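Geometric and topological summary
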Amino acid sequence: MPSLPETCCPFRDASRRRSLAVLFRATALAALSACGGGGGGGGPVPDPSPPPAPVPSPSPSPSPGTPIAAQMSVPVPVGYDADRLAAFNRLNEIRLSAGLGMLAQNALLDGAAQAHADWIIANDSFTHEETLGSIGFTGAHWWDRGEALGYVSVGGEEVMAGIVHGAQGVDVLINGVYHRVGMLAFEPVDVGIGWSALAAASISMPLVVDMTCPGDDLTRSLGQSAQPSANGVAIWPLDGARVVPLRLGMESPNPVPTHDVSTLGTPISLTVDSERTIGTTSFVLSDIASGAIVPTQLLTQQSDPHLLIPRSFVALVPLDPLAPGVAYRVIYQGTLTEVLSTTRRSIDRTWTFTTATQ
């Protein structure tokens, strides 16, 4: 059995958010425009019966407009064991520190995530996709498993780690490129967390985290915005962060297939909301003391070898482990483009962080 934490690539279905949001808009507009009527040729025909009582106009359905403001507080979770509670708290701590909104516990998503964690152990298979007819099957994909319990998802993502406990699992996941995409996405409002203390032959202690928006809520289905202080861009590691890990970790798939994943350094990233495109002009990591430029691989929607990175995310992956106890500087220059209006503004960000001593 492997002794190092493992992470499995997330699922991404960006079209799901848009298709359901459009459906909700169409439903709302239909309710607003519905009316009765008719016509015919010739003059009016007398009708001795009294005219029907007027039917009151239906209350218009609320039409979704913009995402809600960042959720700065959520209800205290109910029913979690110590590990799931620690994972929930750490995920929200990370999101708040990055300038995003918190995720609220959802019991239906909890059930779906826990069912999948149990499925992983029962089938000794560390994968997102369940096979019909397998032990404990509840749905092929994470959104299927949520829908089986009554939660219809709009967009979102599932991330998983194995051989982990509570907050440790969240820290392992946030350090990977592909998992960070979903964990630092602006839009999700709800989360479900599953974890098993059991072990199979090839995997143990799987953590499953499902993050999404509810399709049956016209307001929350459009997600949430970042905190105003983020100014539209979430960075990681944070400016001034200390004890930053030296290595990316055992992420699958390997974001830089030309290199051993275990030798890659902690990635640096910028995230914007899903209705914007981030374009990169220059992205540089350097050792502050020596001024040496760190060899890196740029990952964007266009350059990602696995096509998992969306237009709203960009990452820089060091090709070697970062040096222990060293202060690094990040300089980023690029553009932020509104997808619908094509309005563009520049992004110029400089920040620093310091690595752990080992």
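In this text, all values refer to a predicted model and were calculated from it rather than measured experimentally.

Turning next to the overall build of the protein chain. When you go through the protein chain residue by residue, the secondary structure sums to six helices and 14 strands. Out of the 358 residues belonging to the protein chain, those deemed buried represent 48%. Accessible surface computed for the protein chain: about 16,300 Å², of which carbon and sulfur atoms make up 59%.

All right, on to the confidence of the model for the protein chain then. Mean pLDDT over the protein chain works out to 87, with 83% of the residues at or above the 70 mark. In this model, residues 13–52 is a region of pLDDT below 50 whose contacts with residues beyond four sequence positions or in other chains number 34 contacts. Here residues 57–62 is a poorly scored stretch, pLDDT under 50, and it has six contacts once near neighbours within four places are set aside; other chains count.

To continue, consider the nonpolar core. Leu91, Met183, Val191, Ile193, Leu207, Val209 and Met211 are the most contacted members of the largest nonpolar core, which has 43 residues in total. The set of elements that each furnish at least two residues to this core consists of helix H2 (82–97), helix H3 (107–123), strand S3 (153–162), helix H5 (166–174), strand S4 (190–195), strand S5 (207–214) and strand S6 (234–236). Counting residues per element, this core draws most heavily on H3, which supplies five residues. In terms of nonpolar packing, the next biggest core, distinct from the first, is built from 22 residues, Ile235, Leu270, Val330 and Trp351 among them.

So, about the environment of Pro295. For Pro295, the location among the structural elements is in the loop between strand S10 (276–287) and strand S11 (296–299). In this structure, the C-alpha to C-alpha distance between Pro295 and Leu319, residues 24 residues apart in sequence, is 5.9 Å. Once you skip the residues sitting within four places of it in the chain, Pro295 turns out to touch Val317, Pro318 and Leu319.

According to the stated counting rule, one finds eight salt bridges in the structure shown. With its nearest N and O atoms 3.2 Å apart, the salt bridge here joins Arg145 to Glu158. Pair noted here: Arg145 is in helix H4 (residues 142–148) and Glu158 is in strand S3, with a separation of 13 residues, a long-range link. Across the pair, Glu158 and Arg145 agree in class, each one buried. The salt bridge partner of Glu338 is Arg276, with a shortest N-O separation of 2.8 Å.

Once that is clear, we can look at unusual backbone geometry. Between Trp236 and Pro237 the backbone carries a cis peptide bond, its omega angle lying at -5 degrees. Note on placement: Pro237 falls in the loop between S6 and strand S7 (241–244). Each neighbour pair has its own omega, and for Ser252 with Pro253 the value is 5 degrees, a cis peptide bond. Within the fold, Pro253 resides in the loop between strand S8 (251–252) and strand S9 (268–271).

This next bit is on the sheet that holds S10. Strand pairs in the sheet, formed through backbone hydrogen bonds, run parallel or antiparallel to each other. Spatially, four strands are ordered S7-S14-S13-S10 in an open sheet, and the strand pairing comes out mixed. Unpaired on one side and paired on the other, S7 and S10 mark the two borders of the sheet. Going from strand to strand, the sheet's axes swing by 30 degrees on average, the running direction of each strand aside. Relative to strand S14 (residues 344–355), strand S13 (residues 327–338) runs antiparallel, the two sharing 11 bridges.

Here we take up the sheet that holds S11. The four strands lie next to each other as S6-S9-S12-S11, forming an open sheet whose pairing is antiparallel. Across the chains shown, the open sheet's two edge strands, defined by having one partner strand only, are S6 and S11. When strand polarity is set aside, the average angle formed by the axes of neighbouring strands in this sheet is 10 degrees. Looking at chain direction, S9 and strand S12 (residues 313–318) are connected through four bridges and run antiparallel.

Here we take up the pairing of S12. For S12, a buried count of six out of six residues is recorded, marking the element as mostly surrounded by other parts of the structure. Covered by surrounding structure in S12 are Phe313, Ala315 and Val317 together with Val314, Leu316 and Pro318, the residues of both alternating faces. When S11 meets S12, the two strands line up antiparallel, connected through four bridges. Residue pairing across strands places Thr296 opposite Pro318, the latter belonging to S12.

Let us look at the packing of H2 against H5. Viewed as axis vectors pointing N to C, H2 and H5 meet at an angle of 40 degrees, and their least axial separation amounts to 6 Å. Of the possible angle classes, the one that applies to H2 and H5 is oblique. Seen from above, H2 lies across H5 with right-handed handedness. Residue-level contacts link Asp83, Ala86, Ala87, Arg90, Leu91 and Ile94 of H2 to Gly166, Ala167, Val170, Asp171 and Ile174 of H5. Looking at the contact of H2 with H5 residue by residue, the class counts come to seven nonpolar, one polar and three charged.

A word on the packing of aromatic side chains. Within a pair of aromatic rings, the relevant descriptors are the distance that separates the centres and the angle that separates the planes. Counted according to the given criterion, the structure contains four aromatic pairs. Relative to Phe88, the ring of Tyr80 lies with its centre 6.0 Å away and its plane at 55 degrees, an arrangement referred to as tilted. Phe88 shares its class with Tyr80; the two are buried. Considering the side-chain rings of Phe283 and Tyr332, the 4.9 Å spacing of their centres and the 90 degrees angle between planes classify their relative orientation as edge-to-face. Taken as a pair, Phe283 in strand S10 and Tyr332 in strand S13 lie far apart in primary sequence, 49 residues in all.

Definitions and cut-offs
- Residues numbered from 1 in each chain as written.
- Predicted model: local features only at pLDDT ≥ 70, side-chain atom pairs only at ≥ 80, totals over all residues.
- Heavy atoms only, no water.
- Helix = DSSP H or I, 4+ residues; strand = E, 2+ residues; numbered from the N terminus.
- Buried < 20%, exposed > 50% of the residue type's maximum accessible area, 1.4 Å probe, protein only.
- Areas by Shrake-Rupley, 256 points an atom, 1.4 Å probe, with all protein chains shown as cover.
- pLDDT = per-residue confidence, 0-100.
- Contact = heavy atoms within 4.5 Å.
- Core = buried A, V, L, I, M, F, W, Y, C linked by side-chain atoms within 4.5 Å.
- Salt bridge = Lys/Arg side-chain N within 4 Å of Asp/Glu carboxyl O.
- Pairing = 2+ DSSP bridges.
- Axes fitted to C-alpha atoms, helices over the stretch in contact; angles between N-to-C directions.
- Parallel < 35°, antiparallel > 145°, perpendicular 65-115°, else oblique.
- Left-handed = near helix turned anticlockwise from the far one by under 90°.
- Nonpolar A, V, L, I, M, F, W, Y, C, P; charged D, E, K, R; others polar.
- Phe/Tyr/Trp six-rings, centres within 6.5 Å; stacked < 30°, edge-to-face > 60°.

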